[in-house]
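A structural walkthrough
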Amino acid sequence: MGAAGSSILGADGEWGETSLGDMPESCVAAVLLYLDPPEICQVARLNRAFRGAASADCVWAAKLPANYRYLAALAAAADDEGRGDGDANGKRFSLAATKKEIYARLCQSTLFDAGGKEFWILKNKGGLCISISSKAMTITGIDDRRHWSHLATDESRFHSVAYLQQIWWLEVDGELEFCFPAGAYSLFFHLHLGRPYRRMGRRLCGTEHVHGWDVTPTQFQLTTSDEQQATSEYYLHLHEQGGWKLYHVGDFVVSNSDEPINLKFSMMQIDCTHTKGGLCVDSVFIYPKGYKPEKEGRAWCKR
Amino acid sequence: MAAAADSSGDGGTSSGEKTIVLVSSDNSARFEVREAAALLSQTVRRMIDEAGADASGDGITLPDVDAKTLAKVLEYCNKHAPASSSSSAAEAAPPAEGEEDLERFDREFVRVDMGTLYSLVTAASYLKIEGLLNLTCQTIADMIKGKTPEQIRKTLGITSEFTPEEEDEVRRENAWAF
């Protein structure tokens, strides 16, 4: 069968009498399963079949995290309380939403545990991310103003970081209970040596209190309720550009998307032969293993 | 074109294995294939179950698949069919050919013009042949990845029937992803 029929001029090859533009919506949906969410949203404007398929539940069900019902319930609860971000049109997110709407909502962050923690999924593949504020962690001596203070800053997702002036015993402990979609995750402490501040529109970094980090390393630890464990240690030091750094504590694996896992993580520098100080503790981040955040919005300082 | 075309070339019936006759939509072609190959199609499987044991005598007519497409589809099925159609649990029922050989075959198989690709994906969807549907969908998806909508339109031959209002609506519906 030659292609001599009503073929349209095209850049690649001959199309014969029908082209892929004539694919029924069900076929397009089958193709979209092989694309990532941002690509799916991009091809929605090709034609009506693509637009319909790009909103089909059967496509988005495959993109949502395995435990999306659990995550969506948290989002709906947060929106009800008026604490979470509703969607752009100001509509309250409800569990009656389409799978695509659920995916879109989960890409926006949701606060939980009295606003001290938040989660979101990554647009490109739906990987789950969590951030735990310094305010949700137990910091030894946090109430003693000789040692610790809270700095308001837009460089933190939570708009506030804990700043250490000077202490002998540095210990920051945190805990999280959550249902993770099955997979591997990495946990980090988000830290900054030096005190960021602004003067005349410029971002500066006060290093007057920075000391004691090069004597012995700072220890980081992570344990899970199913007995996984990871430790690491680093000598903290000033960045040339005075920026935030993610200190990798370790990784953990979740095998069951429906079972909550309990994580305990800590950062310690308790060598009491010397004091240490000049440290900002923003938060703990949990990312899908292998994900490298670039300048991640407000949490990264402008250079 | 009324030839019996079993393109595996090893004479399916001579091994004593059951064969099935599939007929294209325009009744112009009849293909006799090994049962194992034909059953890769869930649709054919269902038609046989519903029609009973004597259905394959007359041949099974596939109203939505023309002769040229059916020939190509059966080329795929013959290559990917398990060595034996027995569905005993003892056999993992792997295809008779090696893994690498199949991958090479698949790559060549989808080097076709857009019209044929269109016929293959719609046939695979109608016939419910999982492997072929995955292969054709992945091929089309690879043509889409990394391209702007304008480039995709040219490559796949898609014209938009949207009004400017519809275009705006679609843009708004999907803005969250960018």
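Located above this text is the structure these notes cover.
The rules behind each value
Residues numbered from 1 in each chain as written. Chains lettered and ligands numbered in written order. Predicted model: local features only at pLDDT ≥ 70, side-chain atom pairs only at ≥ 80, totals over all residues. Heavy atoms only, no water. Helix = DSSP H or I, 4+ residues; strand = E, 2+ residues; numbered from the N terminus. Buried < 20%, exposed > 50% of the residue type's maximum accessible area, 1.4 Å probe, protein only. Contact = heavy atoms within 4.5 Å. Areas by Shrake-Rupley, 256 points an atom, 1.4 Å probe, with all protein chains shown as cover. Pairing = 2+ DSSP bridges. Axes fitted to C-alpha atoms, helices over the stretch in contact; angles between N-to-C directions. Buried area = accessible area lost by both parts, 1.4 Å probe. Salt bridge = Lys/Arg side-chain N within 4 Å of Asp/Glu carboxyl O. Polar contact = N/O pair within 3.5 Å; in protein donor to acceptor, adjacent residues only side chain to side chain. Nonpolar A, V, L, I, M, F, W, Y, C, P; charged D, E, K, R; others polar.

**Remarks on the overall build of chain B**
Each helix and strand in chain B was counted, giving nine helices and three strands. Secondary structure elements of chain B, listed N to C terminal, follow the sequence β-β-α-α-α-β-α-α-α-α-α-α. Burial statistics for chain B: of 178 residues in total, 43% are counted as buried. Of the contacts made within chain B by residues no fewer than 6 positions apart, 62% connect residues no fewer than 24 positions apart.

**Regarding the overall build of chain A**
When helices and strands are tallied, chain A shows six helices and 15 strands. Among the 303 residues that make up chain A, the fraction classed as buried is 50%. For chain A, long-range pairs separated by at least 24 residues make up 67% of all intrachain contacts whose partners lie at least 6 apart in sequence. For chain A, the accessible area works out to roughly 14,200 Å², and carbon and sulfur atoms hold 50% of it.

**A look at the sheet that holds strand β1 (residues 19-23) of chain B**
Strands pair in a sheet through their backbones, by hydrogen bonds, and they do so in one of two ways: parallel or antiparallel. Residues and elements named next belong to chain B. Pairing within the open sheet is mixed, and its three strands lie in the order β2-β1-β3. Each of the sheet's edge strands pairs with one partner strand only, and the pair in question is β2 (30-34) and β3 (60-61). With five bridges connecting them, β1 and β2 associate as antiparallel partners. Along β2, the bridge assignment pairs Leu22 with Phe31. Sitting on the sheet, helix α4 (residues 67-80) touches β1 and β2, and the angle it makes with β2 is about 10°.

**Examining the interface of chain B and chain A**
Size of an interface: often given as the accessible area lost when the parts come together. Listed per partner, the contact involves 40 residues of chain B and 36 residues of chain A. In total, about 3,700 Å² of surface goes out of reach between chain B and chain A, with carbon and sulfur atoms giving 64% of it. The tally of links between chain B and chain A comes to four salt bridges. The residue A:Arg48 makes a salt bridge to B:Glu166 at a minimum N-O spacing of 3.0 Å. For the pair chain B and chain A, the interface holds twelve residue pairs in polar contact (both at pLDDT 80 or more). For the side of chain B that touches chain A, the secondary-structure elements that each account for two or more residues are α6 (114-127), α7 (130-144), α8 (149-156) and α9 (164-174) of chain B. Residue composition of the side of chain B that touches chain A, by class: 18 nonpolar, eleven polar and eleven charged.

**Some thoughts on the side chain of A:His190**
One can find A:His190 in strand β8 (residues 183-193). A distance of 2.7 Å separates the side chain of A:His190 from the side chain of A:Asp282, its partner in a polar contact.

**A closer look at the environment of A:Leu106**
Residues and elements named next belong to chain A. Position of Leu106 among the secondary structure elements: in helix α6 (residues 99-107). Leu106 sits in the buried class, given a relative accessible area of 0%. Linking Leu106 and Arg199, residues 93 residues apart in sequence, is a C-alpha distance of 37 Å. Among residues more than four places away in sequence, those in contact with Leu106 are Leu64, Tyr68, Leu71, Ala72, Ala75, Phe119, Trp120 and Ile121.

These results come straight from atomic positions and should not be treated as a statement about function.
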